[in-house]
Each structure stands twice: as C-alpha cells, then as structure tokens.
Amino acid sequence: MLDQDSLRAFESRCTQESPPRCRAACPFDLDCRTFLARMAEGKQDEARKLLDRHLPLPHVLVRLCDHPCENTCLRRDLGGSVALHGLELACLLNTDSQERLLPLPPKRYRMAIVGAGLAGLAAAWDLARKAYPVVLFHEGSIEDTLLIRFPQLRQCPSGKDFLAQDIGTLTRRKARFQRVDIDNGLLERLAAEFDSVLLDADAAAVLVPEESRVDASTLLWKDNICCAGWPGHTPTGHPLALPSRQAGQGRYAAQTMERLVAHISLTAERTKVQGPLRTEVSGITPVQRVEPGVITQDGEELFNSQEAVAEAGRCLQCECLICVRQCAYMQKFKGYPRLYARQAHNNAAIVKGLHTANSLVNGCALCGQCAELCPENFSMAELCLAAREDMVARGVMPPSAHEFALEDMENASGPECFLALPDPDMPDRPAWLFFPGCQLAASRGEQVKTLYDWLRATLNAKGLGVALMLSCCGMPARWAGRQRLFQEHMKRLHDSWKEMGRPRILTACASCLTALREGLPEAETFSVWEIMDGLDITSLLAESQANTATFASMPPVFSMHDPCNARYDAAWLASVRNLARKADAVVEDPPLSGATTACCGYGGLVWCAQSDTADAMAAHRAAQLPHPILASCIMCRDRLAASGKECWHLLDVLLPGMAQHSGNEPGPGLSARRANRASLRRRLLARTGAIVPEIAPPPCNLRIPQQLLTKLEKRHILLTDAESAVAGAEATSQWFENMDNGHRLGSWRPRNVTFWVEYSKEDGGYTLYDAWCHRMIVPGSGGQEAHEVIAAQQCCTDGGRRKQP
Amino acid sequence: MSLAPNYGPDQGTWRCGRCQLPLEQIKVPVFYLNSAFDVFLPRCPQCGLSLVPKSLAEGKMREVEALLEDK
Ligand code: SF4
Ligand code: SF4
Ligand code: SF4
Ligand SMILES: [Zn+2]
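Residues numbered from 1 in each chain as written. Chains lettered and ligands numbered in written order. Predicted model: local features only at pLDDT ≥ 70, side-chain atom pairs only at ≥ 80, totals over all residues. Heavy atoms only, no water.

### Here we look at the pattern of salt bridges
All names here are of chain A.
So, step 1. Applying the stated rule across the entire model yields 54 salt bridges over all chains.
So, step 2. Put simply, Glu376 and Arg278 hold a salt bridge, and the shortest N to O gap is 3.0 Å. Highlighted residues: Glu376 in the loop between α17 (369-373) and α18 (380-393) and Arg278 in the loop between α12 (243-261) and β9 (294-295), separated in sequence by 98 residues.
So, step 3. Classification of Glu376 as partly exposed rests on a relative accessible area of 21%.
So, step 4. You can call Arg278 partly exposed: its relative accessible area is 36%.
So, step 5. Note that Asp425 and Arg456 form a salt bridge whose closest N and O atoms lie 2.6 Å from each other. In this pair, Asp425 is assigned in the loop between β11 (419-421) and β12 (432-435) and Arg456 in helix α21 (residues 445-460), connecting sequence segments 31 residues apart.
So, step 6. Given the relative accessible area of 56%, Asp425 is considered exposed.
So, step 7. On the basis of relative accessibility, which here comes to 12%, the residue Arg456 falls in the buried class.
So, step 8. Several salt bridges converge on common partners, so that one network encompasses Glu11, Glu17, Arg338 and Arg342. (Salt bridge = Lys/Arg side-chain N within 4 Å of Asp/Glu carboxyl O. Helix = DSSP H or I, 4+ residues; strand = E, 2+ residues; numbered from the N terminus. Buried < 20%, exposed > 50% of the residue type's maximum accessible area, 1.4 Å probe, protein only.)

### Notes on the confidence of the model for chain A
So, step 1. Looking at chain A, the pLDDT average stands at 91 and 96% of residues meet or exceed 70.
So, step 2. Note that pLDDT drops below 50 for residues 796-805 of chain A; the model gives that stretch 20 contacts with residues more than four away or on any other chain. (pLDDT = per-residue confidence, 0-100. Contact = heavy atoms within 4.5 Å.)

### Some details on the coordination of the zinc ion (ligand 4)
Residues and elements named next belong to chain B.
So, step 1. At 2.2 to 2.3 Å from the zinc ion (ligand 4) lie its protein donor atoms, namely Cys16 (SG), Cys19 (SG), Cys44 (SG) and Cys47 (SG).
So, step 2. Coordination geometry of the zinc ion (ligand 4): the 4 donor atoms subtend angles of 108 to 111° at the metal centre, consistent with an arrangement described as tetrahedral.
So, step 3. Sequence spacing of the donors to the zinc ion (ligand 4): C-x2-C-x24-C-x2-C. Residue Cys16 is located in strand β1 (residues 14-16), and its partner Cys44 is located in the loop between β3 (35-43) and α1 (54-58); the two are separated by 28 residues in the primary sequence.
So, step 4. With a relative accessible area of 0%, Cys16 lands in the buried category. (Donors = N, O, S within 2.8 Å, 3.2 Å for Na, K, Ca; no water. Tetrahedral: all angles 85-135°; square planar, octahedral: opposite > 155°, others 65-115°.)

### Here's the deal with the site of ligand 2
Residues and elements named next belong to chain A.
So, step 1. The immediate surroundings of ligand 2 are formed by Cys327, Tyr329, Met330, Cys364, Ala365, Leu366, Cys367, Gly368, Gln369, Cys370, Met380 and Ala381.
So, step 2. Placement of ligand 2 is best described as lying within the largest cavity.
So, step 3. Mapped by element, the contributors of at least two residues to the shell around ligand 2 are α14 (328-332), α17 and α18.
So, step 4. Tallied by class, the residues present in the shell around ligand 2 amount to 10 nonpolar, 2 polar and no charged. (Near = heavy atom within 4 Å. 1 Å grid on protein atoms, 1.4 Å probe; cavity = no way out; pocket = protein on both sides within 12 Å on 5 of 7 lines; lining within 4 Å. Sits in = over half its atoms within 2 Å of the grid points. Nonpolar A, V, L, I, M, F, W, Y, C, P; charged D, E, K, R; others polar.)

### Looking at the sheet that holds β11 of chain A
Each strand in a sheet pairs with its neighbour through backbone hydrogen bonds, running either in the same direction (parallel) or in the opposite one (antiparallel).
All names here are of chain A.
So, step 1. With mixed pairing, the 5 strands of this open sheet are ordered in space as β11-β13-β12-β14-β15. Strands with a single pairing partner mark the edges of an open sheet, and in this sheet they are β11 and β15 (525-527). Sheet twist, expressed as the average angle between the axes of neighbouring strands with direction ignored, equals 25°.
So, step 2. For β11 and strand β13 (residues 466-470), the ladder comprises 3 bridges, and the chain directions are antiparallel. Residue Leu419 lies in a different strand from β13, and its bridge partner there is Leu470.
So, step 3. Across the sheet, α21 lies against β11, β12, β13 and β14 (504-507), angled at about 160° from β13, the strand it touches most. (Pairing = 2+ DSSP bridges. Axes fitted to C-alpha atoms, helices over the stretch in contact; angles between N-to-C directions.)

### A word on the packing of aromatic side chains
Residues and elements named next belong to chain A.
So, step 1. Considering all chains together, one arrives at 11 aromatic pairs over all chains under this definition.
So, step 2. Note on Trp432 and Phe526: the rings are 5.7 Å apart at their centroids and 70° apart in plane angle, and the pair reads as edge-to-face. With Trp432 in strand β12 and Phe526 in strand β15, this residue pair connects regions lying 94 residues apart in the sequence.
So, step 3. Overall, the relative accessible area of 5% leaves Trp432 in the buried class.
So, step 4. Ring centres 5.7 Å apart and planes at 80° place the aromatic pair Tyr759 and Tyr766 in the edge-to-face group.
So, step 5. In this structure Tyr759 comes out as buried when scored by relative accessible area, which is 0%.
So, step 6. The exposure class of Tyr766 is buried, given its relative accessible area of 13%.
So, step 7. One aromatic cluster is present, formed by Phe404, Trp479, Tyr602 and Trp607 through successive ring pairs.
So, step 8. One residue, Arg110, lies across the ring of Phe194, its end atom 4.3 Å from the ring centre.
So, step 9. Arg270 extends its terminal NZ or CZ atom over the ring of Tyr252, reaching a point 3.9 Å from the ring centre. (Phe/Tyr/Trp six-rings, centres within 6.5 Å; stacked < 30°, edge-to-face > 60°. Lys NZ or Arg CZ within 6 Å of the ring centre and 35° of its normal.)

### Side note on the site of ligand 1
So, step 1. Around ligand 1, the neighbouring residues are Pro20, Cys22, Leu36, Cys73, Leu74, Cys315, Leu316 and Cys318 of chain A.
So, step 2. Residues that form the shell around ligand 1 fall into these classes: 8 nonpolar, no polar and no charged.

### Some words on the packing of helix α8 (residues 118-129) of chain A against helix α10 (residues 162-172) of chain A
Residue and element names in this part refer to chain A.
So, step 1. At a minimum axis separation of 9 Å, α8 and α10 run at an interaxial angle of 40°. With respect to α10, the axis of α8 lies oblique. Crossing of α8 over α10 shows left-handed handedness. Along the contact surface, α8 presents Leu121, Ala124, Trp125 and Ala128, while α10 presents Asp166, Ile167, Thr169 and Leu170. (Parallel < 35°, antiparallel > 145°, perpendicular 65-115°, else oblique. Left-handed = near helix turned anticlockwise from the far one by under 90°.)

### Observations concerning helix α30 (residues 611-624) of chain A
So, step 1. For α30 of chain A, with 14 residues, the first-to-last C-alpha span of 20 Å sits near the 20 Å given by 1.5 Å per residue.
So, step 2. The set of residues buried in α30 of chain A consists of Thr613, Ala614, Met617, Ala618, Arg621 and Ala622 of chain A. (Expected span 1.5 Å × (residues − 1).)

### A short note on the pairing of strand β6 (residues 225-228) of chain A
All names here are of chain A.
So, step 1. Judged by which residues are buried, β6 turns out to be covered on both faces: Ile225 and Cys227 on one side and Cys226 and Ala228 on the other are all buried.
So, step 2. Where strand β4 (residues 196-200) and β6 come together, 4 bridges link them in parallel fashion. Across the sheet, residue Val197 finds its bridge partner in β6, namely Ile225.
So, step 3. For strand β5 (residues 220-222) and β6, the ladder comprises 2 bridges, and the chain directions are antiparallel. Along β6, the bridge assignment pairs Leu220 with Cys226.
So, step 4. A loop of 2 residues connects β5 with β6, the two strands running antiparallel in sequence, and Asp223 in this loop sits at a positive phi of about 45°.

### So, the interface of chain A and chain B
So, step 1. Each partner contributes to the interface: chain A provides 48 residues, whereas chain B provides 42 residues.
So, step 2. Contact between chain A and chain B buries roughly 3900 Å² in total, counting both sides, with carbon and sulfur atoms accounting for 59%.
So, step 3. The interface formed by chain A and chain B includes 5 salt bridges.
So, step 4. A salt bridge links Lys54 of chain B to Asp770 of chain A; the shortest N-O distance between them is 2.8 Å.
So, step 5. One can count 17 residue pairs in polar contact (both at pLDDT 80 or more) joining chain A with chain B.
So, step 6. Of all the secondary structure elements, the ones that give two or more residues to the side of chain A that touches chain B are α19 (399-412), β21 (735-738), β22 (744-748), β23 (754-762), β24 (765-774) and α36 (786-793) of chain A.
So, step 7. Considering every element that reaches the side of chain A that touches chain B, the biggest residue donor is β24 of chain A, with 5 residues.
So, step 8. Residues belonging to the side of chain A that touches chain B are distributed by class as follows: 20 nonpolar, 16 polar and 12 charged.
So, step 9. As paired elements, β21 of chain A and β1 of chain B share 3 bridges and run antiparallel to each other. Note that in β1 of chain B the partner of Glu737 of chain A across the bridge is Arg15 of chain B. (Buried area = accessible area lost by both parts, 1.4 Å probe. Polar contact = N/O pair within 3.5 Å; in protein donor to acceptor, adjacent residues only side chain to side chain.)

What follows is the structure in structure tokens.
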C-alpha cells in the first residue's frame, strides 16, 4: 500500500502530534501540556519527573527562564497565559529530584567546554548525563561568572541555593571543572586534545566570533569547535541576558558535538516536518490567571499547592482533533488520523498474525468531511479506500465485510431490476437519460414514476426525448475497493448508454452522480435537481400544493441535510435549496452543511461492514439538526428517519400525491427494497405494452411476521433467503423435527452463507419462527450430504492447522 | 483459537426427519478459509444430517469466522 516515504508524507499532514505552542516555544522541548496536566491533578512528583527529564540545570533554569512559552500560550487572550514559569518554580520547591543517577559506562569521546556561562553549563549537563567525559574550563569561579550575569540567583525562594544544587549534580555525574586563563593558546590545545570543543559565547567571549559567522543550523564554527550562548541586545544596543535562548543553544550545540564525534549527519532529521498544532478555541470561556498569595520582593510568584492546581487547570490541554470531534467513526476507534495512518500501514504489512486494523479500514464512510474540516486537508477517505483496494488486490479483504452489499448491487443491476427504456414518443437518440439510482427506485418507486413522467412531458415539449435506466451505479464496488468490479460494471453501463445514443444523464442520487462522473467520463451527468431548477415546475407544484394532506403536515422549518457526495457540488447544493423554496418549504442550514456536511452512515458501505458504526453516524448527524430534516438523497432520508428523527425527502415536498411518505416513516427494509425495484421495473415495462413475463412465484408460501423479518434483515437474512431455505429443506427432505412442538429445522446454502430456518408446515404453506446464518461450512447441512462435503474439502481435520493450498 | 467442542441443541428434542432417528452428539469437521476444526454437533447417526444451533451460529462461530477473516 503506502511505502514508508508516502506514509510519512501522509502522516505528517495530521498535526495532532505536533507540540502545542508552549512546547514549541520552549528551547528544551519541555512537555508543558503534560506537566500542567499533572500539576492540575495535584501530582507534583509526576510533574517533577518531566522537569528533570527535559531541563538542563533544572533549578537554575527554572529560576532564570524568561519563559517564551508564556508569550505564545493559547490561553493568552482567554484570561492570560498559563503561569508556566511560576508553576515550574512551585513544583521545584515542593518536590525532590525524581531522577536516580545511574552509573553508565563512560563514553569514548572526550568533550571540552570553555566558559561557565549558561550555554556551557547546559551543554556540560547534557553531555555528562549521557556519560561523555566532560571537562569544563573556566576563568574565575563558576558562581561569580553566573551571579554577575544573573544576580537574581542570589535570592532563591525558601532560601535554597539553586546554583549549588545543580553544580552538585554535575559533579556527581563526573563532570570535571578546571580553572584556566581563557586564550587562543588554550583553544588550540583543547581542539587537538579533545574530540570536540564548545565555546561559551558569553563567558568565553574573547574566543568566539560574531553569531552571524556561525552556521545557525548546527552551531559548528570550524573543525571540531562549536559556539553557543551569545547574549542578546536591547534595542539600544546593551547586552541582554536571554537565559532560555543561551541555555537552549548550549543544548543544541551539544547535540552537534555528539553527531560530530559519531560521524553522522549534522543536519539530518533535526527538525521534524510537521505543521503547527491547530486548536479550536471558539466557545472557550476566559478564566483569569490565578493571583498567588505570596509574591517575592523581586516579583517571583509563589503558588501554594492549591493555587497551583487552579492555575494549571486553566491550561487548555491544546490539541487539534478538529476532524475527530465531528466524526462518530473516528471517535469509536479512539485515535486520530496520524495514528490511523500508521495503523493502516502496519496492518497492510502484517504477513502472519491478526490484522487488527481491518475494522478501522472498513469503518470509514469515505464521506470526506474530515478532509474538508482539517486545516491540512488530511483525508481518511483517501487512506481507507487505498487500504481497501490494497487488501482486495492481495486477497485479504474479509469476505464478510462487503459481500452482502455487493450482492445487492448485482441484484439491482441484474435481470430482475435492470431496465433501459427509450423514450416511448421519441425513441431515437434521446437527449436525456433519467437515472434515478437503485435506492430511490427501491424506496420511492411511485415518485420515480411520477417524476419521470413529468420530466418527459416537460422536455418532450421542448423537443427533447428522455430515456430511463434502472440500475445500480456501481458505487458499492468502488467503496468496497473492488476496482475491477467497478470497471466491469461501468463498462456494461457504458455499452447500454452508447446504445441509447449517448444521451446526457440526469440522476437523483449524489452517489450515482459521483460514480457516473468518475466511471463514465464521456457522458455529461447532471443532478436532476439542477435541471428541474432550470425548468418551470409550476405544473408539478400546482398539483402537489393541491394535496393538502402533505402540506398540512409539512414542518414550519426544515434543517437542510446535504449528502456527503454532493459536498463540493455547488449546482446540487444551490438547486435543492431553490426547489425547496419554490415548494414553499422553509429551510435552515445547520453549521455543518454544504462542503462540511456529515455522512448519514450509508457511505463507504459501513452500513454493511459495521452497522453499529453506521447507526452511530446517523444518530450523531441527526442530533446536530434542530428541526425536522429535509434531505436530497434517499439513503440519507431513510437512514436519518431510521435513527428516529423526522426526515423528508425533497421529492416529498415537490411531488403531488405522496402524502403517505410522512417524514417519520422508516424506509422499506432490505427485502422490500429488492422487491420494490423489481416491481417498478415491471410496472414501467408493462406501460410500454411490452409483454412482461410472469414473476416466478416464491419457491414456497412462507408466512413471516414483519417484526421477525426486520430482525432477520439486521443479520442480512432476506425474505427470499428464508423462502428458498424452507423450499430447499423440503425438497431434499433434509430437516429435523422437534419432538416437543413439531417445528422443523432446515438449512440451505445458496452461496457463501448457510441459512437455517425454523418453521412449521401447515395446509398450503409454512410459518417461520426464526432464522440464523453462518459462513462456516458444516458437512451434513445446507442441502448437501455430509460425505460429499467432506470429500470436497479434502482436508485433514486436525483441529485448526491450516490446510496446504 | 478453537471452538469449544460440544454444542447441543438450544432447546427441544430433535430427530432426523429423513431417518426418524434421535440425534447424537457426533464429531463433525467444519471448514472456513483454509482452516478446519472438529466440533461435536447434534447429528443423525445414520445419514449424517447435522444441526447448527442458533447460539453457536451467532456466538462462537461468528467469532471464529471474524478471527479467521482477519488472519
Ligand atoms: S493552553 Fe496549555 S497546552 Fe495550550 S499553549 Fe497554553 S500552556 Fe500550552
Ligand atoms: S467517515 Fe467521513 S469524516 Fe469520518 S473519517 Fe471517514 S471520511 Fe472522514
Ligand atoms: S483535523 Fe484531524 S487530520 Fe487534520 S490535523 Fe487535526 S486531528 Fe489531524
Ligand atoms: Zn438421517
């Protein structure tokens, strides 16, 4: 699927793992967000671990740091930046170091540091911690060097000597100190004697060039010599100590020294390629900064434990998740796209073992909302579709994931349901082809018929013929990642379309529109709404408005729900609104509509692969819409209505005589949808005077209570499956008899599924009590004799060992 | 992964409609995606007609099917 490079490129577009502003501004990469989370929980020991881990000279730095983090904190305009500096100080005063000094074997390379400024000391800290033998050469005492520059170190809160503490730790880590005269002779000697040398640009200024003469991306000056820690300047040109910058440079230069001695690239992968973290702050209420009870003479805020918890609690715990907040599917998997990209990639790389991310890949509705919402346009749809295509190509797609939906597609495009009908009055070279889509045909046969008649009447008057085609558009194959099947399907549609004289296509379904535009690029395909909007629809409305039943029940305001497949289709979005207005429906756009609309759960075949995820999506969407819904796609309408929310289809407000479609009614079940398609085809065909062969009667007369059928359809058992199972069991006499109540139990395996039916036989028919199914092959069931099945499987029954292919 | 070996009918006393014989718990090999397992199912001792109870089909069997599909 994705190779490592494209995975990286893909991943890097999701910035959820990028550091929040505070951390990005911290030269020591302190994980401020986690630090504040622990402080807010009152776990100061845990918070202290982070200070110990990230900060060189933690005491000195915490006391001196000019806290650039606070300048960029996202809380700044929402009550004031979080007091990171003050909280770090509080943590340091209240806790002891959590770090144990583990004796490490000394490394081979010897490091020299010249000058005990902040940069020199920070570098010494980092290198000594990693067990490099470090010698720090300094002029005068270390204390004096620092105290001249940072007199505030003299007074530390609680009377602690911060400097002595850190120097003590350095000594325990075996850093050595040597008093010398700093001059060029020294530098020459050290450069030869040591593997690498760092010059502190503040405390050893005589040896160090101007900052502009040193490469900022490495801080390497020449040969094995680095420089770091230049003081800044005030606008008036006075030297200005910038502790965080100086110590930060010291750390950066130390990293260069390590790379230098290890002979690895000084620049490779030093800065991560990832965009800045975006955090949505709309709706967050400002909370004022906590004023601590004690402030020292030199203005240092001292938070007590309670105050620290309150102040740390103001941290927004910045993260992105802009897309995840809107997508029920991503919430279900408890991660975010960057993580998902990695999981999908690892999943594809597994040769032996469980593919734990299969359900992640098959749970996405491919709706594209995330790509629209994400500031970096990360597309989960692209990721998951590519992963599905890859799984299909390698033959590792779980067969049960999409099989049922693909069978439905086959049925909707097969002999029972497919219809290509020329315009009866203008049969040659029709200008238009109406392609209502198999789901509209399944759900709203009468409306399809009425709309088709109106289109013909209206367009015929302009001298334009309108043909009709009933078929599935092939989108299920595309969503299932079955590229070849999609192409084959398109080839068939293409042939029929060509035979009809290459008419322009009108469709009422947003998925069809997408599929046809992609798979049949030679054809011009439009939404029927767009064309209707350009026609005079008064004749249609006159009739429909006379239908008082519909209009009496029409809600005063609808929430408009746009189908996800039409999110970028400006013509669709505009025309459905125009048509609703013309029909006197009042619609309101929810915050997420048009380009940012959410999926009803039909997209991507989630309804088939993971119906619970799909239902969560429908419920999530319905909850976002305050009024009864007006949908322009039939699957959106049926799925949102099934979630329990009143939902109308656009045709319900446009077409006369359709009052029976109240917005509260759920759509037809899966069995009825199939039957409806076939029946619409027959009715349309019969009108042309064609002789329509009798429908084959069902294989047996089976009574199924509607409630039971609804339950069975949830397990993907259709009415026809139950009927043929009963008929099959009876024909082969393969059934069991319940001695207590006389029920029969039979099974039938018409395809990759064995259906079981529990029924009773009465005069002239059967009654079904229950049904279930499985995919495993069980010899002696499904209508086949046990010994035949076992022979066909030719398998050692060794309790789970894989058969040799 | 294994199917716990023995599954009786969910309820009732069943007999084979063809042979009129009561069912016995008999070892049957079952197959899915290149794997095979042995389970004890209610079975006609004469003709081999085998019964898969609903609790097995919708429980353990579905679980194992999913597991094998993800393998
Ligand atoms: S609100 Fe918290 S996480 Fe966000 S920038 Fe400020 S300190 Fe960092
Ligand atoms: S369901 Fe839609 S919003 Fe959610 S991840 Fe998939 S494409 Fe993105
Ligand atoms: S919107 Fe989603 S994909 Fe985009 S950066 Fe944020 S978490 Fe990542
Ligand atoms: Zn028998």
